[in-house]
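Residue-level structure breakdown
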Amino acid sequence: LNVLLVSRVKLWASAFGGEIKSISAKYSGSQLLQKKYKELEKSVRVEEIDGMKVVKNLSKKMEEMFRKKKEAIRRLVEAAEEAHLQHEENPELQYEYFNAVLINEVDEEGNNVELGGEFVLEPNEHFNNLSVNLSLSVVQVPTNMYNKDPAIVNGVYWSESLNKVFYFGSAKGFFRQYPGVKWHPDEHGVIAFDCRNRKWYIQAATSPKDVVILVDVSGSMKGLRLTIARQTVSSILDTLGDDDFFNIIAYNQEIHYVEPCLNGTLVRADRNNKAHFREHLDKLFAKGIGLLGDALTEAFTILGDFNQTGHGSVCSQAIMLVTDGATQMYDDVFAKFNWPDRKVRN
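Please read all numbers here as calculations on a predicted model, not as lab measurements. (Residues numbered from 1 in each chain as written. Predicted model: local features only at pLDDT ≥ 70, side-chain atom pairs only at ≥ 80, totals over all residues. Heavy atoms only, no water.)

Along the protein, the regular secondary structure elements total nine helices and 11 strands. A compact globule built from 346 residues should have a C-alpha radius of gyration of about 20 Å, whereas the protein, at 30 Å, is more than 25% larger. Taken along the three principal axes of its C-alpha coordinates, the protein extends 85 × 70 × 50 Å. Among the 346 residues that make up the protein, the fraction classed as buried is 32%. Summed over all atoms, the accessible surface of the protein reaches about 23,200 Å², with 54% contributed by carbon and sulfur. One finds the centroid of the 41 positive side-chain charges in the protein at a distance of 12 Å from the centroid of its 47 negative side-chain charges. (Helix = DSSP H or I, 4+ residues; strand = E, 2+ residues; numbered from the N terminus. Rg over C-alpha atoms; globule rule 2.2 N^0.38 Å. Buried < 20%, exposed > 50% of the residue type's maximum accessible area, 1.4 Å probe, protein only. Areas by Shrake-Rupley, 256 points an atom, 1.4 Å probe, with all protein chains shown as cover. Lys, Arg positive; Asp, Glu negative; His and termini not counted. Charge placed at Lys NZ, Arg CZ, Asp CG, Glu CD.)

Put into C-alpha cells, the structure is as follows:
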C-alpha cells in the first residue's frame, strides 16, 4: 500500500512539474530568448567590469548633479530675497497679472475677463505634451482668497522678477508657476489647491515638530461651534507632514483620546494616520464642563515622555488649543511644565 501511495505521489509530482514547465515556457518566452541568443552568440562577448570603478563614476556624477541643484537653489533664494528687498509694500497697488484660472477666458461680449488676457499655450514634449507657455509664468490663487487682495497683489508684483526662474509658493497663499499653464476648477467651480498645505511647502517652511491638539467638547461647544472645531482640526492636520508627530485629545470634565488605541503617545502625521483621525473627529459630541487644566497637563506629559524616548521629531513641540474660550490663564500648569525653558510652544 505504501509503495502504491509513493508511486501515485511521484506521478502527481511529475505531472504537476511538467505542467509548470509548460506554462513557464509559454509565458516567459524562454525558448524565444534561447533562439535569439543562439543567433547572436558569435557576436556577443563577455567583458569584465570593475565594480569599484563603476561605483566611483556613478558617485562622481551624482555629486556633480547635486552640486548643480544646490547652486541653482542658492541662486533662486538670492533672487527671491533681492526682489522682496527692493519692493516697498503699497496697499493701493493696482497690478494686472495672469491668473492661472482666468487666462484666455472671455465674457459674454467676447472680451478678455479681468486678470485673464490672451495667453499663448502650446503643447511641449518636455511636459508630457501639456500646453504651456515657456516665456511667462502664471499665478494661482485658491478660491477662498480674494485674488486682488493688497497682500496678494504686492506679492505677485515683486515675484514677477522670478518669472523665468522657478515656481514660487507664497505665505500669502498665491502660487507663481513656471512655465505658465492654465488651471481648471473642479465640478463645483472651486480651486482648492493651496501651496501652503502642500508637503514640499510645509517641509521647507517649518521644522519637524511634535504636536498635541486639544479640542474642547464641553457643553458650550454644541452645534455649529463643534462643527467649526472639527474643520479647524482637519485644517491643522493639513499643515502637518511626514516628519511631524501628533495626537488629538478631546476634553470636558474628562480626557478623551480621539483614537483610544493611541493613548499617551504620538503618531507620525502620514496620510493614513491623518485620514484615520479625521474619521474619529466625526464621533465627537459636546457635553459637560471643560477642565482645560487637566487637558494641558496631559498634553505636556505626553510631549515630555515622548521626547525622552528619542522618537518623534526631536525638534519643536507645540500644543494647539481649539476652544470657544478659557476661563483662566493656567499659569500654574505652564510654570510646572514649561517654565523657564519654554520648550513647548502654545
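So much for the structure itself; the text now carries on.
Here the focus is the UniProt feature "coiled-coil region" (unreviewed entry) in the protein. As annotated by UniProt and renumbered to match this structure, "coiled-coil region" (unreviewed entry) occupies residues 55–90. As a span, residues 55–90 carries 89% helix and 0% strand, and end to end its C-alpha atoms are 55 Å apart. (UniProt positions renumbered as here; feature names shortened; annotations may be inferred.)

The next point concerns the packing of helix 6 (residues 224–238) against helix 7 (residues 271–281). Packed helices, taken two at a time, are described by their axes: the angle between them and the distance between them. The N-to-C vectors of helix 6 and helix 7 enclose an angle of 175°; their axes lie 10 Å apart at closest approach. When the axes of helix 6 and helix 7 are compared, the pair comes out roughly antiparallel. Contacts between helix 6 and helix 7 pair Arg230, Val233, Ser234, Leu237 and Asp238 from the former with Lys274, Arg278 and Leu281 from the latter. Partitioning the contact of helix 6 with helix 7 into residue classes produces three nonpolar, one polar and four charged. (Axes fitted to C-alpha atoms, helices over the stretch in contact; angles between N-to-C directions. Parallel < 35°, antiparallel > 145°, perpendicular 65-115°, else oblique. Contact = heavy atoms within 4.5 Å. Nonpolar A, V, L, I, M, F, W, Y, C, P; charged D, E, K, R; others polar.)

In this structure, Ile213, Val215, Val233, Phe246, Ile248 and Leu284 are the most contacted members of the largest nonpolar core, which totals 23 residues. Ranked by residues supplied to this core, first place goes to helix 6 with five residues. Every residue in contact with Phe246, bar those within four places of it in the chain, is listed here: Val211, Leu237, Leu240, Leu266, Val267, Arg268, Ala269, Asn273, Lys274 and Phe277. Residues Phe300, Ile302, Tyr330 and Val333 belong to the second largest nonpolar core, which totals 19 residues. (Core = buried A, V, L, I, M, F, W, Y, C linked by side-chain atoms within 4.5 Å.)

On the surface, Leu58, Met62, Met65 and Phe66 cluster together into a nonpolar patch covering about 390 Å² of accessible area. With respect to the helices, strands and loops of the structure, Met65 is situated in helix 3 (residues 51–86). By relative accessible area, Met65 is classed as partly exposed at 39%. (Patch = residues over 30% accessible without salt bridge, like charges linked within 9 Å, V, L, I, M, F, W, Y side chains within 5 Å. Salt bridge = Lys/Arg side-chain N within 4 Å of Asp/Glu carboxyl O.)

Right, let's talk about the pairing of strand 7 (residues 245–251) for a bit. Within strand 7, seven of the seven residues are buried, which leaves the element mostly enclosed by the surrounding structure. Every second residue of strand 7 is oriented toward a common face, with Phe245, Asn247, Ile249 and Tyr251 on one face and Phe246, Ile248 and Ala250 on the other, all of them buried. One ladder, built from seven bridges, connects strand 6 (residues 209–216) with strand 7; its direction is parallel. Note that in strand 7 the partner of Asp210 across the bridge is Phe245. Regarding the hand of the β-α-β motif, the stretch spanning strand 6, helix 6 and strand 7 is right-handed. As judged from the two bridges shared by strand 7 and strand 9 (residues 267–268), these two strands associate in the antiparallel manner. Looking at strand 9, one finds that Phe245 is bridged to Arg268. Sheet analysis places strand 7 next to strand 8 (residues 255–257), joined by three bridges and oriented antiparallel. Along strand 8, the bridge assignment pairs Ala250 with His256. (Pairing = 2+ DSSP bridges. Right-handed = clockwise from strand over helix to strand, strands pointing away.)

Looking now at the packing of aromatic side chains. Throughout the structure, instances matching the rule amount to nine aromatic pairs. When the centroid spacing of 5.1 Å and the interplanar angle of 90° are considered together, the rings of Tyr95 and Tyr157 count as edge-to-face. Of this pair, Tyr95 sits in the loop between helix 3 and strand 1 (122–124) while Tyr157 is found in helix 4 (residues 150–159), placing the two residues 62 residues apart along the sequence. Among the aromatic side chains, those forming a connected cluster through ring pairs are Phe175, Trp183 and Phe193. (Phe/Tyr/Trp six-rings, centres within 6.5 Å; stacked < 30°, edge-to-face > 60°.)

Right, let's talk about the pattern of salt bridges for a bit. Pairing between side chains of opposite charge can happen when their charged atoms approach one another. Per the stated rule, a full pass over the model turns up 11 salt bridges. With its nearest N and O atoms 2.2 Å apart, the salt bridge here joins Arg74 to Glu71. With Arg74 and Glu71 both in helix 3, this residue pair falls three residues apart, about one helical turn. Of the residues examined, Arg74 reaches a relative accessible area of 37% and is grouped as partly exposed. For Glu71, a relative accessible area of 27% translates into the label partly exposed. Across the pair Arg225 and Asp324 runs a salt bridge, and its minimum N-O distance is 2.8 Å. A residue pair is termed long-range when its members are at least 10 positions apart, and Arg225 in helix 6 and Asp324 in the loop between strand 10 (316–322) and helix 9 (331–337) qualify at 99 residues. Judged by its relative accessible area of 46%, Arg225 falls in the partly exposed class. For Asp324, a relative accessible area of 33% translates into the label partly exposed.

Geometrically, the link from Tyr178 to Pro179 is a cis peptide bond, its omega value of 0° lying close to zero. Counting through the fold element by element, Pro179 comes out in the loop between strand 5 (175–177) and helix 5 (199–205). Of note in the backbone geometry, Leu115 takes a positive phi value of approximately 65° without being a glycine. Mapped onto the elements of the fold, Leu115 is located in the loop between helix 3 and strand 1. In this structure Leu115 comes out as buried when scored by relative accessible area, which is 3%. Even without glycine at this site, Tyr330 takes up a positive phi of about 60°. Assignment of secondary structure puts Tyr330 in the loop between strand 10 and helix 9. Overall, Tyr330 belongs to the buried group, its relative accessible area being 11%.

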